[in-house]
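# Examining the three-dimensional arrangement
Each chain, letter by letter, is given below.
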Amino acid sequence: MSAPLVYRYDIDGENFTSAGEASVKVKKSLRQLGLSQDIIRRVSIAMYEGEINMVIHANGGCATVSVYPEKIEIVLDDKGPGIPNIDLAMQEGFSTAPERIRSLGFGAGMGLPNMKANTDEMKIETTVGVGTKITMTVNVNR
Amino acid sequence: MKIREIAALAKAQVYCCEEFLDGEVHSACGSDMMSDVLAFVKDQGLLITGLVNPQVVRTAEMMDMRAILFVRGKKPTPEILALAKQCEIVIMASELRMFEACGTIYESGLKGGVLQ
Ligand SMILES: Nc1ncnc2c1ncn2[C@@H]1O[C@H](COP(=O)(O)OP(=O)(O)OP(=O)(O)O)[C@@H](O)[C@H]1O
Ligand SMILES: [Mg+2]
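Residues numbered from 1 in each chain as written. Chains lettered and ligands numbered in written order. Predicted model: local features only at pLDDT ≥ 70, side-chain atom pairs only at ≥ 80, totals over all residues. Heavy atoms only, no water.

### Looking at the overall build of chain B
What counts is decided by this rule: Numbering of helices and strands runs from the N terminus; a helix is a DSSP stretch of H or I covering at least four residues, while a strand is a stretch of E covering at least two. In this description the radius of gyration comes from C-alpha coordinates, and the expected globular size is given by 2.2 Å times residues to the power 0.38. The rule is simple: take the accessible area with a 1.4 Å probe, protein chains only, and divide by the maximum for that residue type; under 20% is buried, over 50% is exposed, in between is partly exposed. Only heavy atoms enter the contact rule, under which two residues are in contact if any of them lie within 4.5 Å.
If you tally the helices and strands in chain B, you get five helices and five strands. Taken over C-alpha atoms, the radius of gyration comes to 12 Å for chain B, in line with the 13 Å a tight globule of 116 residues would show. On the principal axes, the C-alpha backbone points of chain B span a range of 30 × 30 × 25 Å. For chain B, the residues scored as buried account for 55% of the 116 residues in total. Looking at chain B alone, contacts between residues at least 24 apart form 54% of all its contacts between residues at least 6 apart.

The following block contains the structure:
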């Protein structure tokens, strides 16, 4: 396995206006690499949902995207409150987002299931009071 | 349908990326919830929304959409326009309400497209 191309971003949790900036940058980079539109869109949606989650639920964090010849791996790491019940959080429609977030167009409880649907693998490691690390993989079939 | 025709149907003002007005979109999605757009949209090229914030543009960009139509007289901010230019997404704004905008455009032949 050759060394991956790695993109790393700090996600600002203070500022909702900038939420999603990293995903836009990643999408541009992936386009330059000439990956297929389907792969790029799946990676973009999964990362964007995860990035928004880190901003609205975890006060920011860190995103790392590694591009290997056969797969793209997205790691989202935060020091937020953690997820007490992963099964519940994964259910469509479950959301703890306050009304303020809903008025911004998010908080339908669709993000985590959408991340799973758009990736080939998704692993959630979380500890209440410590943080959450989500690792997602999208396979590239060339 | 050409984006230009959509602007005319909705009596919308075009705010940026006029050079892409002859681009074609084959279906559209109307929603104020970006969560739903991200989860349910498949190949819609046009987003019709009453929500005005930069995440609308980023959401459209993630979904490979070509144009955004703001309804209910909402005006795009300079920040939204800067982002849209960077992403090459046409920004339009109409006085019509969501239901009227969707209805007018649908009636003229643009459909909802496939759900995921
Ligand atoms: N990084 C995170 N840290 C802490 N809690 C999280 C994190 N990501 C998700 N959650 C919790 O899981 C719930 C479900 O997340 P999900 O992304 O599915 O929905 P949402 O973010 O509330 O709404 P949507 O994604 O539709 O805008 C959240 O409401 C939140 O309680
Ligand atoms: Mg979410």
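### A look at the layout of surface pockets
All names here are of chain A. The test is simple: Cavity: a set of points on a 1 Å grid over the protein atoms alone where a 1.4 Å probe fits but cannot get out. Pocket: an open set with protein on both sides within 12 Å along at least five of seven lines, its lining residues, like those of a cavity, having an atom within 4 Å of a point. Grid points are joined across faces, edges and corners, and a volume is the space filled by probe spheres set on the points. Lys, Arg, Asp and Glu make up the charged group, whereas Ala, Val, Leu, Ile, Met, Phe, Trp, Tyr, Cys and Pro make up the nonpolar group; the residues left over, Gly among them, are polar.
Put simply, the largest pocket is a space of about 570 Å³. Considering the residues around the largest pocket, the lining is formed by 31 residues, among which Asn53, His57, Ile83, Thr96 and Leu112 are closest to the centre. Listing elements by their share of the lining of the largest pocket, those giving two or more residues are helix H2 (37-58), strand S3 (71-78), helix H3 (86-89), helix H5 (111-118) and strand S5 (131-139). By residue number, the principal contributor to the lining of the largest pocket is H2, which donates eight residues. Considered class by class, the residues forming the lining of the largest pocket number 17 nonpolar, twelve polar and two charged.

### Observations regarding the sheet that holds strand S4 (residues 67-70) of chain B
Residue and element names in this part refer to chain B. So the rule is basically this: In this scheme, strands are said to pair when DSSP sees at least two bridges between them. Axes here mean lines fitted to C-alpha atoms, for a helix over just the part in contact, with angles spanning 0 to 180 degrees between N-to-C directions.
One open sheet holds the five strands; their spatial order is S1-S5-S4-S3-S2, and the pairing between them is mixed. Whereas interior strands pair on both sides, the edge strands pair on one side only; in this sheet they are strand S1 (13-16) and strand S2 (28-30). Each strand axis lies, on average, 20° off the axis of its neighbour in the sheet, ignoring direction. Pairing geometry for strand S3 (residues 46-49) and S4, over four bridges, is parallel. Pairing of Thr49 across the sheet is with Phe70, part of S4.

### Let's talk about the site of ligand 1
We apply this condition: For this description, a residue counts as near a given molecule or strand if any of its non-hydrogen atoms is within 4 Å of it. In protein, a polar contact means a hydrogen-donor-capable atom and an acceptor-capable atom, both N or O and within 3.5 Å, with residues adjacent in sequence counting only if both atoms are side-chain atoms; elsewhere, any N or O pair within 3.5 Å suffices. Residue-level accessible areas treat just the shown protein chains as cover; the underlying method is Shrake-Rupley with a 1.4 Å probe.
Around ligand 1, the structure places 22 residues, and the nearest of them are His57, Ser95, Thr96 and Gly107 of chain A together with Ser35 of chain B. Nearby residues around ligand 1 are contributed by chains A and B. Ser95 of chain A places a polar side-chain atom, nitrogen or oxygen, 2.5 Å from an oxygen atom of ligand 1. One of the backbone N or O atoms of Leu112 of chain A is found 2.9 Å from an oxygen atom in ligand 1. Bound to the protein, ligand 1 loses 96% of the 590 Å² it would expose on its own.

### Focus: helix H1 (residues 21-32) of chain A
One full turn of an α-helix is made of 3.6 residues, so residues set three or four places apart face in the same direction. So the rule is basically this: In this analysis, the expected span of each helix is defined as 1.5 Å times one less than the number of residues it contains.
Look at H1 of chain A: 17 Å from first C-alpha to last across twelve residues, which is about the 16 Å you get at 1.5 Å a residue. For H1 of chain A, the set of buried residues is Ala22, Ser23, Val24, Val26, Lys27, Ser29 and Leu30 of chain A. In this fold, the buried residues of H1 of chain A make contact with strand S1 (5-12), H2, strand S2 (60-67) and S3 of chain A together with helix H3 (54-62) and helix H4 (78-87) of chain B. Following H1 of chain A by one or two positions, Gly34 of chain A adopts a phi angle in the positive range, close to 75°.

### Looking at the nonpolar core
To be explicit about the condition: Remark: nonpolar core denotes a set of buried residues (Ala, Val, Leu, Ile, Met, Phe, Trp, Tyr, Cys) joined through side-chain atoms within 4.5 Å.
Core analysis: the biggest nonpolar cluster contains 84 residues, and Leu46, Leu69 and Met92 of chain B have the highest contact counts within it. The dominant element in this core, judged by the number of residues it contributes, is H2 of chain A, at eleven residues. Setting aside residues no more than four positions away along its own chain, Leu69 of chain B makes contact with Ala10, Ala12, Leu46, Leu47, Ile48, Thr49, Met92, Ala93, Ser94, Ala101 and Ile105 of chain B.

### Some points on H3 of chain B
Residue and element names in this part refer to chain B. The element H3 is largely enclosed, with a buried count of nine among its nine residues. The complete set of buried residues in H3 reads Pro54, Gln55, Val56, Val57, Arg58, Thr59, Ala60, Glu61 and Met62. Sitting at the amino-terminal end of H3 is Asn53, which places a side-chain oxygen 3.0 Å from the backbone nitrogen of Gln55. Following H3 by one or two positions, Asp64 adopts a phi angle in the positive range, close to 60°.

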